[in-house]
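Coordinate inspection notes
The lines below spell out each chain.
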Protein chains: 4
Amino acid sequence: MTKSPLNFVVMLGSLRKGSFHAAFAKALPSLAPANVKITILQSIGQLSIYDGDAHADGFPAPVVAIGEAIKSADGLIVVSPEYNYSIPGGLKNALDWLSRLPNAPFSGKPVSIMSGSPGPIAGARMQYHLRQVLVFLDAIAFTRPEVMIAGINGKVDVDAGKITDETTANFVKAHLEAFAAFAERIK
Amino acid sequence: MTKSPLNFVVMLGSLRKGSFHAAFAKALPSLAPANVKITILQSIGQLSIYDGDAHADGFPAPVVAIGEAIKSADGLIVVSPEYNYSIPGGLKNALDWLSRLPNAPFSGKPVSIMSGSPGPIAGARMQYHLRQVLVFLDAIAFTRPEVMIAGINGKVDVDAGKITDETTANFVKAHLEAFAAFAERIK
Amino acid sequence: MTKSPLNFVVMLGSLRKGSFHAAFAKALPSLAPANVKITILQSIGQLSIYDGDAHADGFPAPVVAIGEAIKSADGLIVVSPEYNYSIPGGLKNALDWLSRLPNAPFSGKPVSIMSGSPGPIAGARMQYHLRQVLVFLDAIAFTRPEVMIAGINGKVDVDAGKITDETTANFVKAHLEAFAAFAERIK
Amino acid sequence: MTKSPLNFVVMLGSLRKGSFHAAFAKALPSLAPANVKITILQSIGQLSIYDGDAHADGFPAPVVAIGEAIKSADGLIVVSPEYNYSIPGGLKNALDWLSRLPNAPFSGKPVSIMSGSPGPIAGARMQYHLRQVLVFLDAIAFTRPEVMIAGINGKVDVDAGKITDETTANFVKAHLEAFAAFAERIK
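Quick caveat: nothing in here was measured; it's all calculated off a predicted structure. (Residues numbered from 1 in each chain as written. Chains lettered and ligands numbered in written order. Predicted model: local features only at pLDDT ≥ 70, side-chain atom pairs only at ≥ 80, totals over all residues. Heavy atoms only, no water.)

Looking at the overall build of chain A
The helix and strand inventory of chain A stands at 6 helices and 8 strands. Along chain A, helices and strands appear, N-terminal first, in the series β-α-β-α-α-β-α-β-α-β-β-β-β-α. A compact globule built from 187 residues should have a C-alpha radius of gyration of about 16 Å, and chain A, at 16 Å, falls within 12% of that. Seen through its principal axes, chain A has C-alpha atoms that stretch 50 × 40 × 25 Å. Taken over 187 residues, chain A has a buried fraction of 58%. Taking contacts inside chain A between residues at least 6 apart in sequence as the whole, the part at least 24 apart equals 80%. Surface accessibility of chain A: about 6,900 Å² in total, with carbon and sulfur atoms responsible for 53%. Computed over 17 positive and 15 negative side-chain charges, the inter-centroid distance for chain A is 5 Å. (Helix = DSSP H or I, 4+ residues; strand = E, 2+ residues; numbered from the N terminus. Rg over C-alpha atoms; globule rule 2.2 N^0.38 Å. Buried < 20%, exposed > 50% of the residue type's maximum accessible area, 1.4 Å probe, protein only. Contact = heavy atoms within 4.5 Å. Areas by Shrake-Rupley, 256 points an atom, 1.4 Å probe, with all protein chains shown as cover. Lys, Arg positive; Asp, Glu negative; His and termini not counted. Charge placed at Lys NZ, Arg CZ, Asp CG, Glu CD.)

As structure tokens, then:
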């Protein structure tokens, strides 16, 4: 059976150049099933802090562009670290801007979440907060297998943008396959 | 019995000029017990998005100033709306910056949370996410009575910076008294 | 277009005879779309507290029966109050038992949550905790519109098992229609 | 300086005989500071499921006894596994019963939480749900260091009721010292 092509986009929650999560995100396209194309969205780091007055003046151009890319995608993958037991402020700020777009880019959209940390909890606390946000955004959050990479700093090659730990790479592959099947199911 | 003087600072999670929460925050000093001085911290709206590379270049001046004000205060009051079922990105971003300060301004600090919304849930979802963040920050979150103001838009005078609904004003007074006693207890 | 028949089952989180939530649950079948049959599952109140040693002796008969009913249903509706800002212990205990069943009754199952309270928050805190549990159970939680009935005590007729407030009844109707469409979509 | 004596009680969330958490709880008294006495409360496993009708008939004897023990203690330690990404139903059921006691045993009480799991997340999801419950109960939840023991099955001797891993034992010692100082501070 030929599977229909799927187009996933990736939103990245960390901004620094040597980010483990950025390396992780860069590795995703090569781990995707054959019918799945994965593109990394532009950075959310240049956005101003959401402010109702600024909003009244219109949306920043990157918000519009990211919103359109999500709207037209078959699924969204959020790759992010946890900051202070919750969603990084910058990622949440991007979601706050995007949530006001009239085209409601998240509505009915399949969403996968991936996180890691140098320690063992691996972003779990961020993931459940993000899931609660996704309820308001009316997205359909993918459940399992959950991707929480403990010791992520030892499992990626930051310069090459690769996952170097084979078990991790295979697990991410399996997640992407399951997420693709999920996106297909609810398309 | 004379109570010792207490110095509380207020962090505001919403940025627009006509904000109901800003009006609410402005009303707090006049509702505080006689021994309690309440000061509103400077805006968190001009901060850049937290970024490990930017951090390596040093802290923005407002982060340092806010951090020092919290560190030397007897308690922190966070007044904030809920955005997308969680903490506003801008507020979380400020906490992300502040959390990296070497003087750990939140550690052992009594924290009160106040929120409202035009609808009935009144920021509850934001409050419990913020409480989880406060665990990491090692703050001591005040419990009850919780301040969640349903229909906040009809209970404040935005221009005057006042709480116009008497029941609400009295409830906030009672909360501030209880929070002051709590801050006193753990001083 | 004829819609295919759907079979939903209802798990009830409160046990007392005069329960507002029991009345609410009883009202659901008459508010369902024509193609949807809704059945209330047997009580979870007689279960023993989950215990690994008891589990080793086998599953209680009601756990097996409830598990089979959920497994063969097209969707599950949980109707429950909030106890102490979270899931009632009895409901969580039932889920703990059911989660160990080898047939994994929740896996891939569409789940809707409905709650209310005499006060304004209306079970919101219970709902997000339950959603986190549903992630582990690999269920697919329906998002919106969320059913959180403030002032539920004034909106149901406990003796008749009816929703007496028309706005509420219509809202629940709309929710059931949307949930049925969701269950159809991911079938 | 002589420290005043402190009396802590332990509530255990798992019931089976060979429980890792039971072994962990049994080890606590020997790891406590000299001025701290730790007693394990009676089992919560024999309680019926909370039910408003049953409640109207009075409290079960164990609920009254546990409530009095907590009320007169200087602090409560909850030792529990995580079930299905949340609080075990049996533990939550005990809290539901206890929360209705007229003497409000949790009000203003310092509470520490300890958990573990064979895997890496180590009960974190249970802990944050429990913290939310503690807000309603008006308890004062201790923050850090948090005790989340990954791989708990390899770190306790179930028969002897001991923590066999030295790093873990020392970490628990440090936690108990910090919790005792916290309980002292807010006494």
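Right, picking up where we left off after that structure.
Looking at the interface of chain D and chain C
Counting residues at the interface gives 32 residues for chain D and 32 residues for chain C. At the junction of chain D and chain C, the tally comes to 0 salt bridges. Across the contact surface, chain D and chain C share 17 residue pairs in polar contact (both at pLDDT 80 or more). Breaking the side of chain D that touches chain C down by element, the ones donating at least two residues are helix 2 (52-56), helix 4 (89-99) and helix 5 (124-136) of chain D. (Salt bridge = Lys/Arg side-chain N within 4 Å of Asp/Glu carboxyl O. Polar contact = N/O pair within 3.5 Å; in protein donor to acceptor, adjacent residues only side chain to side chain.)

Details of the interface of chain B and chain A
Interface size is commonly expressed as the accessible area that is lost once the parts come together. Contacts between the two partners involve 32 residues from chain B, matched on the other side by 32 residues from chain A. Carbon and sulfur atoms supply 58% of the area buried between chain B and chain A, which totals about 2,700 Å² over both sides. On the chain B side of the interface with chain A, the three residues burying the most area are Ile49(B), Asn84(B) and Tyr85(B), jointly 26% of the side's total. Listing elements by their share of the side of chain B that touches chain A, those giving two or more residues are helix 2 (52-56), helix 4 (89-99) and helix 5 (124-136) of chain B. The leading source of residues in the side of chain B that touches chain A is helix 4 of chain B, at 7 residues. (Buried area = accessible area lost by both parts, 1.4 Å probe.)

Some remarks on the relation of the copies chain D and chain C
Here chain D sits on chain C after a turn of 180° about the axis and a move of 0.0 Å along it, with an RMSD of 0.0 Å. These values place the two chain copies in the arrangement generated by a two-fold rotation axis. Nearest to the rotation axis, the C-alpha of Gly89(D) is located 2.3 Å from it, this being the minimum over chain D. (Least-squares fit on C-alpha atoms with pLDDT ≥ 70 in both.)

Brief notes about the relation of the copies chain B and chain A
Once chain B is rotated about the relating axis by 180° and shifted along it by 0.0 Å, it coincides with chain A to within an RMSD of 0.0 Å. When you check the interface residues of chain B against chain A, 100% turn up at the interface there too, and the contact is symmetric in its surfaces.

A short note on the packing of aromatic side chains
Counted by the stated rule, this structure contains 32 aromatic pairs over all chains. Here the aromatic rings of Tyr128(A) and Tyr85(D) are separated by 5.7 Å at their centres, their planes lie at 65°, and the arrangement is edge-to-face. Placement of the pair is Tyr128(A) in helix 5 (residues 124-136) and Tyr85(D) in the loop between strand 3 (75-79) and helix 4, with the two residues belonging to separate chains. Under the relative-accessibility criterion, Tyr85(D) is labelled buried at 7%. The rings of Phe8(A), Phe142(A), Phe179(A) and Phe182(A) are connected pair by pair, giving a single aromatic cluster. Lying across the ring of Phe136(C), Arg144(A) places its NZ or CZ 4.7 Å from the centre. (Phe/Tyr/Trp six-rings, centres within 6.5 Å; stacked < 30°, edge-to-face > 60°. Lys NZ or Arg CZ within 6 Å of the ring centre and 35° of its normal.)

Concerning the confidence of the model for chain A
Mean pLDDT for chain A: 96, with 99% of residues reaching 70 or above. Here the predicted complex carries an ipTM of 0.97, next to a pTM of 0.98. (pLDDT = per-residue confidence, 0-100.)

Focus on the pattern of salt bridges
All names here are of chain D. Under the definition given, this model contains 12 salt bridges over all chains. Across the pair Asp74 and Lys187 runs a salt bridge whose closest N-O atoms are separated by 3.5 Å. Linking Asp74 in the loop between helix 3 (61-72) and strand 3 with Lys187 in the segment after helix 6 (166-185), this pair joins segments that are 113 residues apart in sequence. Residue classification places Asp74 among the buried positions, given a relative accessible area of 19%. For Lys187, a relative accessible area of 57% puts it in the exposed group.

A word on the environment of Gly90(B)
When you line up the elements, Gly90(B) lands in helix 4. For the pair formed by Gly90(B) and Val78(B), sequence separation is 12 residues and the distance between their alpha carbons is 13 Å. Among residues more than four places away in sequence, those in contact with Gly90(B) are Ile49(A), Asn93(A) and Ile44(B).

Some points on unusual backbone geometry
For the peptide bond that leads from Arg144(B) to Pro145(B), omega is 5°, which places it in the cis range. Mapping Pro145(B) onto the fold places it in the loop between strand 5 (140-141) and strand 6 (147-150). Despite not being glycine, Asn84(D) shows a phi value in the positive range, around 55°. Mapped onto the fold, Asn84(D) is located in the loop between strand 3 and helix 4.

A few points about the pairing of strand 2 (residues 36-40) of chain A
All names here are of chain A. In this structure, strand 1 (residues 6-12) lies alongside strand 2, joined through 5 bridges in parallel fashion. Within the sheet, the bridge partner assigned to Phe8 lies in strand 2 and is Ile38. As a crossover connection, the stretch from strand 1 through helix 1 (residues 20-31) into strand 2 is right-handed. (Pairing = 2+ DSSP bridges. Right-handed = clockwise from strand over helix to strand, strands pointing away.)

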